[in-house]
Each structure stands twice: as C-alpha cells, then as structure tokens.
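Reading the structure
The lines below spell out each chain.
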Amino acid sequence: MDAFVSRKRKRADVSQKPVPPPAASAASKRISASEQDEESTDFKLALLASLHPVAEETTLLEALLASDGSVEQASTCLAQSTFASLKKRSANATTGYQSSLSSYHVNSDGSGPAKKALVKKGKTLHLFSPEDIEQHTPCSIIHNFLPPQQANALLQQLLDEAPTYQSLEFKLFNRVVTSPHTFCFYVNSLAEAEEQKTEYIYDGRKVENVQQSLPEMLNAVPQVEEAVNREIQRRILDFYPNSKKLKYQSPHPWKANTAFVNCYDGPQEHVGYHADQLTYLGPRAVIGSLSLGVAREFRVRKIHVEDDKHRKDDGSLADAQGQISIHLPHNSLLIMHAEMQEEWKHSIAPAQAIDPHPLAKNKRLNITYRFYKDSLHPRYTPKCKCGVPTVLRCATRKKESRGRYIWMCHTNYVPGQDGCSFFQWAEFDDDGEPPWAAKANADQERLAKEKPSSLKDEKDTEVT
Ligand SMILES: O=C(O)CCC(=O)C(=O)O
Ligand SMILES: [Fe+2]
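Residues numbered from 1 in each chain as written. Chains lettered and ligands numbered in written order. Predicted model: local features only at pLDDT ≥ 70, side-chain atom pairs only at ≥ 80, totals over all residues. Heavy atoms only, no water.

Let us look at the overall build of the protein. Secondary structure assignment for the protein yields 12 helices and 17 strands. Every one of the 464 residues in the protein was classed for burial, and the buried ones make up 56%. (Helix = DSSP H or I, 4+ residues; strand = E, 2+ residues; numbered from the N terminus. Buried < 20%, exposed > 50% of the residue type's maximum accessible area, 1.4 Å probe, protein only.)

Quick look at the coordination of the iron ion (ligand 2) now. Around the iron ion (ligand 2), the donor atoms from the protein are His 274 (NE2), Asp 276 (OD) and His 346 (NE2), and they sit 2.1 to 2.2 Å away. Each donor residue of the iron ion (ligand 2) belongs to the same chain, and together they define the spacing H-x1-D-x69-H. For the pair formed by His 274 and Asp 276, the shared burial category is buried. (Donors = N, O, S within 2.8 Å, 3.2 Å for Na, K, Ca; no water.)

The next subject is the sheet that holds strand β9 (residues 287-293). The 7 strands lie next to each other as β2-β12-β9-β14-β7-β5-β6, forming an open sheet whose pairing is mixed. In this open sheet, the two edge strands, each paired with only one partner strand, are β2 (139-142) and β6 (210-212). When the angles between neighbouring strand axes are averaged without regard to direction, this sheet yields 25°. Of the pairings in the sheet, the one linking strand β5 (residues 182-187) to strand β7 (residues 258-265) comprises 6 bridges and is antiparallel in character. By the bridge assignment, Val 187 is partnered in β7 with Thr 258. (Pairing = 2+ DSSP bridges. Axes fitted to C-alpha atoms, helices over the stretch in contact; angles between N-to-C directions.)

Turning our eyes to something else, we now look at unusual backbone geometry. With a phi angle near 55°, Arg 284 is a residue other than glycine that sits in the positive phi range. On the secondary structure map, Arg 284 appears in the loop between β8 (271-274) and β9. The exposure class of Arg 284 is buried, given its relative accessible area of 16%. Of note in the backbone geometry, Lys 361 takes a positive phi value of approximately 55° without being a glycine.

A word on the sheet that holds strand β17 (residues 423-426). One open sheet holds the 3 strands; their spatial order is β15-β16-β17, and the pairing between them is antiparallel. This sheet does not close on itself; its edge strands, each paired only once, are β15 (391-394) and β17. Strand-to-strand twist of the sheet, defined as the mean angle between neighbouring strand axes without regard to direction, takes the value 30°. Pairing geometry for strand β16 (residues 405-408) and β17, over 4 bridges, is antiparallel. Residue Met 408 lies in a different strand from β17, and its bridge partner there is Phe 423.

Turning our attention to empty space enclosed by the protein. Applying the stated rule across the entire model yields 5 cavities of 30 Å³ or more. Of the pockets and cavities examined, the second largest cavity occupies roughly 130 Å³. Surrounding the second largest cavity, 17 residues form its lining, Tyr 264, Phe 298, His 346, Asn 366 and Thr 368 being those nearest its centre. Counting only elements with at least two residues in the lining of the second largest cavity, the list comes to β7, β8, β13 (344-348) and β14 (363-370). A per-element tally of the lining of the second largest cavity places β14 first, with 4 residues. (1 Å grid on protein atoms, 1.4 Å probe; cavity = no way out; pocket = protein on both sides within 12 Å on 5 of 7 lines; lining within 4 Å. Points joined across faces, edges and corners; volume = space filled by probe spheres on them.)

Before going further, it helps to examine the side chain of Ser 375. In this fold, Ser 375 is placed in the loop between β14 and β15. Relative accessible area serves as the criterion here: at 3%, Ser 375 is assigned to the buried category. Once you skip the residues sitting within four places of it in the chain, Ser 375 turns out to touch Tyr 380, Glu 433, Pro 434, Trp 436, Ala 437 and Ala 440. (Contact = heavy atoms within 4.5 Å.)

To continue, consider the packing of aromatic side chains. Any two aromatic rings considered together are summarised by their centre-to-centre distance and by the angle between their planes. Under the counting rule described, the total for this entry stands at 13 aromatic pairs. Geometrically, the ring pair formed by Phe 185 and Phe 260 is stacked, given 4.9 Å between the ring centres and 20° between the ring planes. Taken together, the residues Phe 185 in strand β5 and Phe 260 in strand β7 connect sequence positions 75 residues apart. Summarising the burial analysis for this pair, Phe 185 and Phe 260 share the class buried. Relative to Tyr 280, the ring of Tyr 202 lies with its centre 5.6 Å away and its plane at 70°, an arrangement referred to as edge-to-face. (Phe/Tyr/Trp six-rings, centres within 6.5 Å; stacked < 30°, edge-to-face > 60°.)

By size, the foremost hydrophobic cluster in this structure holds 50 residues, and its most contacted members are Cys 139, Phe 298, Ile 326, Leu 334, Tyr 372, Tyr 405 and Phe 428. For Cys 139, the residues in contact, after removing those within four places along its chain, are Ile 133, Glu 134, Arg 235, Phe 298, Ile 326, Leu 334, Ile 335, Met 336, His 337 and Met 340. With 40 residues, the next largest nonpolar core counts Leu 214, Ala 256, Leu 290 and Ala 338 among its residues. (Core = buried A, V, L, I, M, F, W, Y, C linked by side-chain atoms within 4.5 Å.)

Between its first and last C-alpha atoms helix α6 (residues 148-161) spans 20 Å; for 14 residues at 1.5 Å apiece the expected length is 20 Å, and the two agree. Along α6, the residues classified as buried are Gln 150, Ala 151, Leu 154, Leu 155, Leu 158 and Leu 159. If you follow the buried residues of α6, they end up packed against α8 (215-239), β7, β9 and β14. (Expected span 1.5 Å × (residues − 1).)

What follows is the structure, given as structure tokens:
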C-alpha cells in the first residue's frame with residue numbers, strides 16, 4: 001500500500017521522465033532509469049485506473065502505449081471511448097465460489113512450488129484452496145483464522161473507525177484525483193505513534209495521521225504472530241531449496257509491530273498493482289494480511305526480467321504470464337512470504353458484484369500487519385543530497401542487477417519539489433541486516449535499560 005500511495009503522490013506531470021543523477025556511473029544510470037521507468041508505468045496505470053475504474057488493466061495499458069505514455073492523452077481517449085478496444089472489466093462473479101485447479105489440468109503433487117507458468121498472458125486463474133494457493137503463488141492462506149466472535153468484534157471496531165479513514169488526494173491536470181480506497185496507519189502504542197510522526201519519513205515527508213492500534217487489533221497480534229511464524233517455517237521446509245531460508249531473509253521471529261488498515265467501500269474501490277515498500281521492513285519481508293467483511297479478489301502477478309523474450313514488437317515489456325486471483329473471504333489470514341515483494345506485484349481488483357456481509361454491508365476491511373526493523377529506523381539509513389532519509393528499492397527488471405537493493409532519494413514524491421535522484425547500492429548480510437545493525441541493536445539495548453519500568457509496561461496498559 002505504502003508504495004502504491006507513493007506513486008500516486010509522485011508528481012502532477014506524470015509523463016515526465018525522471019532525470020538520472022549527474023554523478024552516477026553509466027551502469028548505475030541504466031539501472032536507476034530502468035527501475036524508475038518501471039515505477040512510472042505502474043504509476044501511470046494506477047492514475048488511469050483511478051480515473052477509469054471500470055476499464056480493464058490491459059485496456060489501460062493499450063491506451064497508454066497508443067498515447068506514447070501520456071496519461072492525459074490516454075485518459076482523454078478512454079473518456080471519449082474512442083479507444084477501439086475499450087472493454088469493460090469482465091464481470092467478476094461474486095468472490096467465494098469454490099472451483100478446483102483440476103479443471104486446469106494442473107498437477108499439484110505437493111513437491112514444492114509449481115515451476116511452469118500455468119496461466120497464460122491476459123488470463124486470470126482463480127484460486128480458492130490453501131493447497132492451490134501455496135503451490136502456485138508466494139502466499140499461504142488460513143481460512144476461518146480467528147474464533148468467529150473475535151473476528152466479528154475486530155471487524156466491528158474497524159467499522160466504527162472506518163469513517164475517519166482518509167483517501168489520498170493528488171493533483172492531475174489541475175484536477176484533484178482521489179485514491180480508490182481509504183486507509184489508516186496504526187502502531188502498537190502511543191509512544192510509537194509519536195515516534196512515527198516525528199522521526200519516520202513517508203513519501204519524503206512526515207505523516208500526521210498515525211493511530212494507536214485498536215484493542216481488538218492488539219488482541220489478535222499474538223495469534224497473527226504465532227500463525228505467521230509457523231507458516232514461515234513450513235514454507236522454508238516444504239518449498240525453499242534445501243529447506244533453507246532465503247538469502248537476506250531474517251532468521252529471527254517475525255513480529256507484528258505496525259499495521260496498515262485498508263477499507264474498500266463497495267465493489268469499485270480497489271488498489272492497483274504494486275509491491276510494498278521495503279524501507280522499514282528490509283529485504284525479503286513477510287506480511288500478515290487479515291481480511292474482514294466482504295470477500296474480494298487479491299490478484300498477483302510475477303515481475304519479469306526485461307529481456308528480448310518478454311519484449312513486445314513495439315519495444316514495451318509484455319507480461320509473459322497472466323495473473324492469479326486469490327479469493328479472500330471474511331476472517332482469512334493471507335501470509336505474503338519472503339519471495340513476494342521482490343518478485344511479484346499484488347492488487348485488489350475492482351469487482352462488478354459483491355456479496356454484502358451481514359456486519360460490514362459493502363465494506364471490506366483489511367489489516368496488513370508488518371514488522372518494522374529497529375535497524376532500519378531512519379536515524380540509521382542513508383540520507384540523500386536533500387538531507388532526507390532514503391527509500392529502499394529492489395532492482396527487478398534488468399538481468400544484471402535483479403535482486404540488488406538500492407537506497408534512493410524519496411523527495412521526488414513531495415508535490416512541488418524535485419528530488420536529487422540520489423541512489424546508492426544497499427548492502428545487507430545474509431540475514432538481511434544492514435552494516436550498522438550492531439550499533440542499532442546496542443542503542444536499542446541501552447534505551448531499553450534507560451527506560452523507566454513504568455514506560456516499559458506502557459504497551460500493556462495504555463490502550464483505551
Ligand atoms: O487489501 C489488501 O488485501 C491488500 C492491501 C495492500 O496491498 C497493502 O496494504 O499494501
Ligand atoms: Fe500491498
């Protein structure tokens with residue numbers, strides 16, 4: 001979500017290409033430009049999707065290509081319906097009907113993740129069962145996760161708060177465009193909320209609206225942590241080469257110390273394809289995502305290396321594979337595993353029809369529990385030439401740099417300000433810790449000792 005939000009705020013003139021840094025080496029320039037191009041296409045698609053919520057993503061992409069990358073021109077074509085292949089989004093059946101992969105002649109023998117692309121370009125494969133989902137995507141799912149009454153109590157607390165959630169507004173061609181859903185950011189204590197507001201940077205600036213997690217959100221934390229840690233271990237044993245954790249994946253227990261809550265009110269509210277920002281999570285991050293209320297489709301697609309095999313005749317990058325749709329019913333916990341953010345993109349698709357939920361009516365509430373690492377606090381991460389802590393990105397498109405991490409200037413995202421295009425390769429040890437981790441941990445231990453014991457208990461007592 002955070003990464004998607006960043007793209008939308010990036011700049012009003014989205015057709016403008018980012019300028020490469022003057023002091024960078026030629027190789028670095030290529031990598032930076034490639035990564036930013038990829039970002040800018042997704043950004044443009046996200047803008048177009050918010051302006052034309054019923055158009056298919058392939059239609060948006062075609063309109064963008066036909067308009068030489070100009071969002072304004074593509075939007076005009078789409079609005080006038082002059083774009084020859086303008087299609088309405090296909091009517092998704094209401095989410096939640098069971099179907100089986102056997103109808104696709106897929107052999108799921110449980111011997112690790114499926115290697116071959118099983119869904120063709122332009123097609124959507126719908127998955128419902130936990131076995132199919134973990135075989136063919138980097139996710140696992142637990143249905144009926146919380147005891148039903150606990151899930152309803154949590155949903156009710158979020159529904160009470162949802163009217164205060166905000167959608168982001170950004171300017172496009174002198175129009176104010178609104179993000180196609182609302183959200184709120186939560187941390188586990190008031191002290192942490194204060195720290196987020198004063199020390200952390202999002203989209204190149206501080207954020208004002210950080211809330212303390214609701215009692216039922218905190219109540220669910222031990223269950224979420226237990227399930228996510230169990231699923232991480234199972235994933236490693238059953239799916240990773242030699243049953244070993246991935247390089248850069250943390251060997252330590254996963255904790256849920258922050259949460260983004262998204263509210264999708266009605267079938268058209270959605271979030272476009274994105275990968276979550278890794279700046280405070282670090283490489284190979286795991287995310288626990290709890291869905292409540294109306295069932296919706298979570299779509300995933302693999303990011304492909306930019307090579308001739310994946311190039312279309314016009315030079316643009318084709319999606320060699322279609323998308324996979326994971327159906328997320330009320331009270332399901334989806335775990336996005338360590339290979340997800342670097343290698344795949346995800347979205348919540350608009351729906352033509354939904355089944356109203358008895359409590360939530362047309363709303364879906366989603367909590368993405370995340371683990372912010374102390375060692376990636378912005379006091380430690382590199383600052384760009386603008387003096388702002390940088391954003392962590394993973395190179396995905398170029399074969400020669402795929403999988404490498406980069407610290408980049410964040411200030412591009414501040415409206416009215418140009419960034420400095422700073423970037424620097426990011427180094428991590430095998431466990432995903434940056435070179436300054438030992439100092440950060442020592443600081444943490446010192447702070448914990450200095451903290452009066454009344455403050456140490458704060459998390460347990462200050463929830464109202
Ligand atoms: O609503 C969802 O399930 C996904 C939300 C999401 O992708 C995000 O918060 O980054
Ligand atoms: Fe996301």
